[in-house]
Amino acid sequence: MAVDLLLGLQWGDEGKGKIVDVLTSNYNIIARFQGGPNAGHTLVFNGMKHVLHTIPSGIFHESAKNLVGNGVVIDPVIFKKELDKLEEQNVDYRKSLLISRKAHLILPTHRLLDAASETAKGKAKIGSTLKGIGPTYMDKTGRNGIRVGDLELKDWKDKYRALANKHEAMIAFYDVKIDYNLEELETEFFNAVETLKSLTFIDSEEYIYQAQKNGESILAEGAQGSLLDIDFGTYPFVTSSNTTAAGACTGLGIAPNKIGDVFGIFKAYTTRVGSGPFPTELFDEDGARMAKVGHEFGATTGRARRCGWLDLVALKYACQVNGVTKLMMMKADVLSGFKSLKVCTAYNYQGKEITHLPYNIEAHNVSPIYTDFKGWKEDLTAMEDISTIPNELNTYIDFLEKELDIPITLVSVGPDRKQTIFR
Ligand code: IMP
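Residues numbered from 1 in each chain as written. Predicted model: local features only at pLDDT ≥ 70, side-chain atom pairs only at ≥ 80, totals over all residues. Heavy atoms only, no water.

1. Some details on the overall build of the protein chain
Selection rule: The helix and strand labels rest on DSSP assignments: H or I over at least four residues marks a helix, E over at least two residues marks a strand, and numbering proceeds from the N terminus. As defined in this context, the radius of gyration uses C-alpha atoms, and a globule is described by 2.2 Å times the residue total to the power 0.38. A 1.4 Å probe rolled over the protein chains alone gives each residue an accessible area, and that area as a share of the maximum for its type sets the label: buried under 20%, exposed over 50%, partly exposed in between. All accessible areas in this document rest on Shrake-Rupley with a 1.4 Å probe, and a residue is counted as covered only by the protein chains that are shown.
The helix and strand inventory of the protein chain stands at eleven helices and 20 strands. Taken against the 2.2 N^0.38 rule, which gives 22 Å for 423 residues, the C-alpha radius of gyration of the protein chain at 21 Å falls within 12% of a compact globule. Here the protein chain holds 423 residues, and 57% of them are scored as buried. For the protein chain, the accessible area works out to roughly 18400 Å², and carbon and sulfur atoms hold 51% of it.

Set out below in structure tokens:
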């Protein structure tokens, strides 16, 4: 059976966690394929809010298996905290949570290296979540990394020591002030590794292959967003993994011809957290209103997110790179009450009007060209049926659908599972 993908089409925080949770009852397996605890997937149901960082968003459904794929990087300390929270909520994860032996581990020194690297960059900093993501993927491609499967070997601690020593020398090389107590960090780390070891490690590519053969349905859950992709994002202000559809092939071992639907998730406006270009960013009351109504604060770092109008040029690019087959629009409710709305439909690029995403979208190269839309006053948060939504919202959706030439199959009108309208 084909594997469906669910991906963020902007700079992350599109609401992927909510939608995976909504769709999980249609799938036997939910599989994360890249990223790590830099992600914060928020789910709201039965009046409770849950934030997951590494664990797939299907974990609250008893029927689904949840796989952490080989493309993911795992911090045992954060993973343990996530498990502790699940335990508090009586979620029985032991049978349903599976970890790929080929997933790489984030060591305490990876986190320290992230901090040293960012500090050394000064004004040019990426705005990293400082979870050690970049240094861990660097060790992966540098062939130095420690993988989950290594924990089953007797000598893994020797390998750990050699790598941690190397990291300490690298931290010293950065010559910036980073305060840390490695002994304390390591005690916490080794304790968390024991918890991780009590879970089920698998050869996940074989598991996925057999599951497909047996007709099981699989949803691959992306993290971050397409514009943070290491290759196709706004480099260097990106994360360190392939967040786009191809990442699901390498991050789970899925053959490209086994991909089914590609669900592209986007917000009805745009947000970005951290540094980097953002052509439609707002610095006025409209932006402040989006931030306030949309509670635009990072689920992982608590940082305020930058807000702006929907950028259709960037969205089209993301749809192309991912081969999106169905679109899902999030946070439509946040736009209620705006007198008028803008959508960026082209860029003025060095004096010329263009409709594709160029190599460099820094403000000195690019300024947005907007199409205006009439806003709506109605509160959408209690609406359940597409026939009840305001005409102005319908016009907005129809325009996007036509421009992108992909059906918008779902409109989210609030954070709760139930605040979801299918089209
Ligand atoms: P890193 O992945 O922590 O190194 O961060 C690199 C860039 O990606 C920074 O701008 C982060 O703010 C951004 N980023 C990483 N993960 C997320 C996410 O889950 N949502 C939104 N932005 C993210």
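2. Topic: the site of the ligand
This is how it is decided: We call a residue near a given molecule or strand whenever any one of its heavy atoms falls within 4 Å of it. Within 3.5 Å is the distance limit for a polar contact, defined as a pair of N or O atoms, with the added protein rule that one can donate a hydrogen and the other accept it, and that residues adjacent in sequence qualify only through two side-chain atoms. Each residue is assigned to one class: nonpolar for Ala, Val, Leu, Ile, Met, Phe, Trp, Tyr, Cys and Pro, charged for Asp, Glu, Lys and Arg, and polar for all the others, Gly among them.
Around the ligand sit 15 residues, and of these N38, T129, T239, V273 and R303 come closest. A distance of 2.5 Å separates an oxygen atom of the ligand from a polar atom in the side chain of T129. Expressed as a share of its isolated accessible area of 470 Å², the protein-covered part of the ligand is 96%. For the shell around the ligand, the class distribution of residues is six nonpolar, seven polar and two charged.

3. A short note on the side chain of T244
Note that T244 resides in the loop between strand 10 (218-221) and helix 8 (245-252). Among the residues examined, T244 registers a relative accessible area of 2% and is labelled buried.

4. Quick look at the packing of aromatic side chains
So the rule is basically this: The aromatic pairing rule takes the rings of Phe, Tyr and Trp, using the six-membered ring of Trp, and pairs them if the centres are within 6.5 Å, calling planes under 30 degrees apart stacked, those over 60 edge-to-face and the rest tilted. Two thresholds decide whether a charge sits over a ring: the Lys NZ or Arg CZ must be within 6 Å of the ring centre and within 35 degrees of the ring normal.
A complete count under the given rule lists eleven aromatic pairs for this structure. Arranged with centres 5.6 Å apart and planes meeting at 80 degrees, the rings of F373 and Y396 form a pair that is edge-to-face. With F373 in strand 18 (residues 366-374) and Y396 in helix 11 (residues 391-404), this pair connects stretches of sequence that are 23 residues apart. Of the two residues, F373 and Y396, neither departs from the other in class, the shared state being buried. Grouping aromatic residues by their ring pairs yields a cluster made of W156, Y160, F189 and F190. In this structure, R289 is placed above the aromatic ring of F338, and the distance from its NZ or CZ to the ring centre is 5.0 Å.

5. A word on the pattern of salt bridges
For clarity, the cut-off: Here a salt bridge means any side-chain nitrogen of Lys or Arg lying within 4 Å of a carboxyl oxygen belonging to Asp or Glu.
Summed over the entire model, instances satisfying the criterion amount to 22 salt bridges. D372 is the salt-bridge partner of K342, the closest N and O atoms lying 3.1 Å from each other. One end of the pair, K342, is in strand 16 (residues 340-349); the other, D372, is in strand 18, and 30 residues separate them in sequence. The network of salt bridges with shared partners includes D13, K267, E296, R305 and K331.

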